[in-house]
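Fold and geometry: a report
Letter by letter, the chains look like this.
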Amino acid sequence: MAQTLLKQNHIILLVLLFSLLIEGESHKFSRNLSPKSFPFKKEKISHLHFYFHDIVGGDHPTAVRVAEATITNTSHSLFGALVMIDDPLTVGPERTSKIVGRAQGLYASADLDEFGLTMVLNYVFVEGKYNGSTLSILGRNQVMSSVREMSIVGGTGLFRFARGYALAKTYFLNISNGDAVVEYNVYVTHY
Ligand SMILES: *[C@@H]1O[C@H](CO)[C@@H](O)[C@H](O)[C@H]1NC(C)=O
Ligand SMILES: *[C@@H]1O[C@H](CO)[C@@H](O)[C@H](O)[C@H]1NC(C)=O
Ligand SMILES: *[C@@H]1O[C@H](CO)[C@@H](O)[C@H](O)[C@H]1NC(C)=O
């Protein structure tokens, strides 16, 4: 009788210890993975080329000012203007050209002296194998310079682990309403 009880206690203790071990394991915060164990192929470099349509005027704007500072409208660089965008990205420069994605996020006038934007946005691709994949952009955009460079800081889907840069060149600017078409060349390494 006493021996069975002892045995039972022993088993209970073992089960407890074991569950504690499992518990400890499942609550582990981080672990190292061998790069070989990760199902990734070779790293590659892609070049993407598209046109970005920043439609400010008209009845269907894709770029809308959502906030401003008290000094924004009197600042020659529109300092403090914050614009939310969902701009189409197309293969060709015409607005009717095939859409390959959208640029969703924000840009803000962040330079007190010259017209310069901080861009914080995602390219959301909708075409072919890239459909559903995204690239994240965080960069400085000195709009009046002929070519501006911005960082690609990451990505999802086919662009996991992405990093690279985007080169922007204004293709068309309507000075009267602010509409712009910007040519983008994006170079990105990913797997
Ligand atoms: C500043 O200018 C913008 C764009 O023209 C306008 O929408 C906004 O109402 C103006 N803000 C003020 C405080 O006048
Ligand atoms: C992209 O993916 C969405 C959602 O999965 C799907 O509805 C759409 O038809 C796809 N577009 C293309 C061009 O493959
Ligand atoms: C530029 O914007 C003005 C004012 O909205 C518009 O009337 C004109 O057609 C636009 N020009 C071009 C070339 O799109």
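Before going into details, it helps to say that this report is about the structure given with it. No experiment lies behind these values; they were computed from the predicted model shown.

Right, let's talk about the environment of Asn131 for a bit. Structurally, Asn131 is set in the loop between strand 5 (117-125) and strand 6 (134-141). For the pair Asn131 and Gly157, spaced 26 residues apart in sequence, the C-alpha separation works out to 8.8 Å. Residue contacts for Asn131: discarding those within four places in its chain leaves Phe125 and Val126.

Let us now look at the nonpolar core. If you look at the biggest cluster of nonpolar residues, it comprises 30 residues, and the most contacted ones within it are Phe50, Tyr123, Leu135, Tyr184 and Val186. For this core, the secondary structure elements donating two or more residues are strand 1 (44-54), strand 3 (82-90), strand 4 (99-109), strand 5, strand 6, strand 7 (148-156), strand 8 (163-173) and strand 9 (180-190). If near-sequence neighbours (up to four positions away) are discounted, Val186 is found in contact with Ser46, His47, Leu48, Phe50, Tyr123, Leu135, Ile152, Tyr165 and Ala166.

Close to ligand 3 lie Phe172, Asn174, Ser176 and Asn177, which account for all nearby residues. Asn174 has a polar side-chain atom sitting 2.3 Å from an oxygen atom of ligand 3. About the coverage of ligand 3: the protein hides 33% of its 360 Å² of free accessible area. Residue composition of the shell around ligand 3, grouped by class: one nonpolar, three polar and no charged.

To continue, consider the pattern of salt bridges. This structure, assessed with the given rule, holds six salt bridges. In this structure, the salt-bridge partner of Glu68 is Arg65, at a minimum N-O distance of 2.7 Å. Here Arg65 falls in the partly exposed class, since its relative accessible area comes to 36%. The closest approach of N and O atoms between Asp86 and Arg102, which form a salt bridge, is 2.7 Å. Remark: Arg102 occurs in strand 4 and Asp86 occurs in strand 3; sequence separation between them is 16 residues. Since its relative accessible area comes to 26%, Arg102 is described here as partly exposed.

Below, the discussion takes up the pairing of strand 5. Burial of strand 5 is one-sided: the residues Leu117, Met119, Leu121, Tyr123 and Phe125 facing one way are buried, the residues Thr118, Val120, Asn122 and Val124 facing the other way are not. Inspection of the sheet shows strand 4 paired to strand 5 by nine bridges, in the antiparallel sense. What sits directly across from Ala103, in strand 5, is Tyr123. Here strand 5 pairs with strand 6 via eight bridges, running antiparallel. Residue Met119 lies in a different strand from strand 6, and its bridge partner there is Gly139.

Each pocket or cavity is described by its volume, and for the largest pocket that value is around 550 Å³. What lines the largest pocket is a set of 27 residues, and nearest its centre among them are Asp54, Val56, Tyr107, Phe115 and Gly178. Sorting the residues of the lining of the largest pocket by element identifies strand 1, strand 2 (63-67), strand 4, strand 5, strand 8 and strand 9 as the ones contributing at least two each.

For the rest of this paragraph, the subject is the packing of aromatic side chains. This structure, assessed with the given rule, holds twelve aromatic pairs. An angle of 75° between the planes, with centres 6.0 Å apart, marks the rings of Tyr123 and Tyr184 as edge-to-face. Of this pair, Tyr123 sits in strand 5 while Tyr184 sits in strand 9; the two residues are 61 residues apart in sequence, bridging distant segments of the chain. A residue is classified by how much of its surface remains accessible, and Tyr184, at 2% relative accessible area, is buried. Centre to centre, the rings of Tyr130 and Phe159 are 5.1 Å apart; their planes meet at 0°, and the pair counts as stacked. Here the residue Tyr130 occupies a position in the loop between strand 5 and strand 6, and Phe159 occupies one in the loop between strand 7 and strand 8, the gap between them amounting to 29 residues. Through successive ring pairs, a cluster of aromatic residues spans Phe50, Phe52, Tyr123, Phe125, Tyr130, Phe159 and Tyr184.

Definitions and limits used
Residues numbered from 1 in each chain as written. Chains lettered and ligands numbered in written order. Predicted model: local features only at pLDDT ≥ 70, side-chain atom pairs only at ≥ 80, totals over all residues. Heavy atoms only, no water. Helix = DSSP H or I, 4+ residues; strand = E, 2+ residues; numbered from the N terminus. Contact = heavy atoms within 4.5 Å. Core = buried A, V, L, I, M, F, W, Y, C linked by side-chain atoms within 4.5 Å. Buried < 20%, exposed > 50% of the residue type's maximum accessible area, 1.4 Å probe, protein only. Near = heavy atom within 4 Å. Polar contact = N/O pair within 3.5 Å; in protein donor to acceptor, adjacent residues only side chain to side chain. Areas by Shrake-Rupley, 256 points an atom, 1.4 Å probe, with all protein chains shown as cover. Nonpolar A, V, L, I, M, F, W, Y, C, P; charged D, E, K, R; others polar. Salt bridge = Lys/Arg side-chain N within 4 Å of Asp/Glu carboxyl O. Pairing = 2+ DSSP bridges. 1 Å grid on protein atoms, 1.4 Å probe; cavity = no way out; pocket = protein on both sides within 12 Å on 5 of 7 lines; lining within 4 Å. Points joined across faces, edges and corners; volume = space filled by probe spheres on them. Phe/Tyr/Trp six-rings, centres within 6.5 Å; stacked < 30°, edge-to-face > 60°.

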